[in-house]
Amino acid sequence: MDNLRGAVIMVFAMLGFAIEDMFIKLMGTDIPIGQILFVLGVGGTVCFGAVMLVKGQPLYERAMLTRPILLRALGEIVGTLGFVSAIVLTPISSASAILQATPLVVTCGAALFLGDPVGWRRWSAILVGLCGVILIIRPGMESFQALSLLAVFAVFGLSLRDLATRRVPKSISSFQLSFLAFVAIIPTSLLYMVFSGKFFVPMTGLQCMYMGSALAIGLVAYYGIVAAMRIGEISFVTPFRYTRLLFAMVVGITVFGENPDLMTYIGATIIVASGIYTVWRERKVKDVA
């Protein structure tokens, strides 16, 4: 029963992220990406900071300057900057499809840098999944869009974040990690504005509503992931993260008039299938051990 509850919460969390992405893309036509990142960074910092104060957790302690946390912050910066840019500048359906390769890259990184045992079956699944990414991007072909590489940068950034999280001191809470992640986005957004030459612009009432909705729904969805992982078994709940792609496809087609081609559908299917197989294989190996 706990697994079912965790799966349902995870599905709703993924729906929340897809809706958040929708609002960000709707704003991205008129609001600079740097401004979007700045508001989301400030909003997340204030919300998680308030929760930490209520819980009596410090906003700063020396353990926050350890190497794993700094690497995690770097990964969060690259991942957030890459993905927000990708969903604004490229089709949301293809950007979300590429993002689904993150668990595969995490598994690869865990084997190469953390010493996790990964057999040939999971290595094969990783390679097949990366082939799915190539089918979506299609480098060297006429349909290739260089901006699609932004989603690839996001995958590597988020993978670094997840890998670094495994080495974070246990004295640091999940709320503190989330707080630090949003704090890191604030100076990043300001630097992005400087280098892009696009600064703050006035926002209409509708755009303020989009921004507030993106922030609120994103925070609730983030909490949903944490809750889902704690309620159900990780190996059971994790595959339901791929429902984000389904929701993103629906948003892209119905809201933005996107028309993903056959290669995108095939690539997305390969990525999801490879990811689900990797999770299933990992669980089977642990059961045997």
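Residues numbered from 1 in each chain as written. Predicted model: local features only at pLDDT ≥ 70, side-chain atom pairs only at ≥ 80, totals over all residues. Heavy atoms only, no water.

Peer 1: In this structure, what is going on with the overall build of the protein? I would like to understand it.
Peer 2: Along the protein, the regular secondary structure elements total 12 helices and zero strands. Ordering the α and β elements of the protein from the N terminus gives α-α-α-α-α-α-α-α-α-α-α-α. Compactness check: the protein gives a C-alpha radius of gyration of 19 Å against a globular reference of 19 Å for 289 residues, within 12% of the reference. In terms of its C-alpha atoms, the protein occupies a principal-axis envelope of roughly 55 × 50 × 35 Å. (Helix = DSSP H or I, 4+ residues; strand = E, 2+ residues; numbered from the N terminus. Rg over C-alpha atoms; globule rule 2.2 N^0.38 Å.)

Peer 1: Is there a simple way to think about the environment of glycine 119 in this case?
Peer 2: Looking at where glycine 119 falls in the secondary structure, it is placed in the loop between α5 (102-113) and α6 (120-137). C-alpha of glycine 119 to C-alpha of leucine 15: the two residues are 104 residues apart in sequence and 33 Å apart in space.

Peer 1: Is there a simple way to think about the packing of helix α1 (residues 2-28) against helix α11 (residues 243-254) in this case?
Peer 2: What describes two packed helices is the angle between their axes and the distance between those same axes. In contact at an axis separation of 8 Å, α1 and α11 are set at 35° when each is read in the N-to-C sense. Between α1 and α11 the crossing geometry is right-handed. Along the contact surface, α1 presents Val11, Met14, Leu15, Phe17, Ala18, Asp21 and Met22, while α11 presents Thr243, Arg244, Phe247, Ala248 and Val251. Residues belonging to the contact of α1 with α11 are distributed by class as follows: nine nonpolar, one polar and two charged. (Axes fitted to C-alpha atoms, helices over the stretch in contact; angles between N-to-C directions. Left-handed = near helix turned anticlockwise from the far one by under 90°. Contact = heavy atoms within 4.5 Å. Nonpolar A, V, L, I, M, F, W, Y, C, P; charged D, E, K, R; others polar.)

Peer 1: What am I meant to see in α6 here?
Peer 2: With 18 residues, α6 extends 26 Å from end C-alpha to end C-alpha; this agrees with the ideal 26 Å at 1.5 Å per step. Within α6 the residues assigned to the buried category are Arg122, Ala125, Ile126, Gly129, Gly132, Val133, Ile136 and Ile137. Buried residues of α6, viewed axially, fall in a sector of 135°; they line one side. In α6, those exposed residues whose orientation departs by more than 90 degrees from the buried face are Trp120 and Leu127. The first or second residue beyond α6 is arginine 138, which carries a positive phi of 55°. (Expected span 1.5 Å × (residues − 1). Buried < 20%, exposed > 50% of the residue type's maximum accessible area, 1.4 Å probe, protein only. Arc of directions from axis to C-beta.)

Peer 1: Please explain the pattern of salt bridges as it appears in this structure.
Peer 2: Any two side chains of opposite charge can pair, given that their charged atoms come close. Counted under the stated rule, the structure contains six salt bridges. Note that arginine 72 is salt-bridged to glutamate 76, the shortest N-O span being 3.9 Å. Residue arginine 72 and its partner glutamate 76 are located together in helix α3 (residues 67-89), separated by four residues, close to a single helical turn. For the pair arginine 72 and glutamate 76, one class covers both residues: buried. A salt bridge links arginine 161 to aspartate 162; the nearest nitrogen and oxygen atoms lie 3.0 Å apart. Assessed through its relative accessible area of 17%, arginine 161 is described here as buried. (Salt bridge = Lys/Arg side-chain N within 4 Å of Asp/Glu carboxyl O.)

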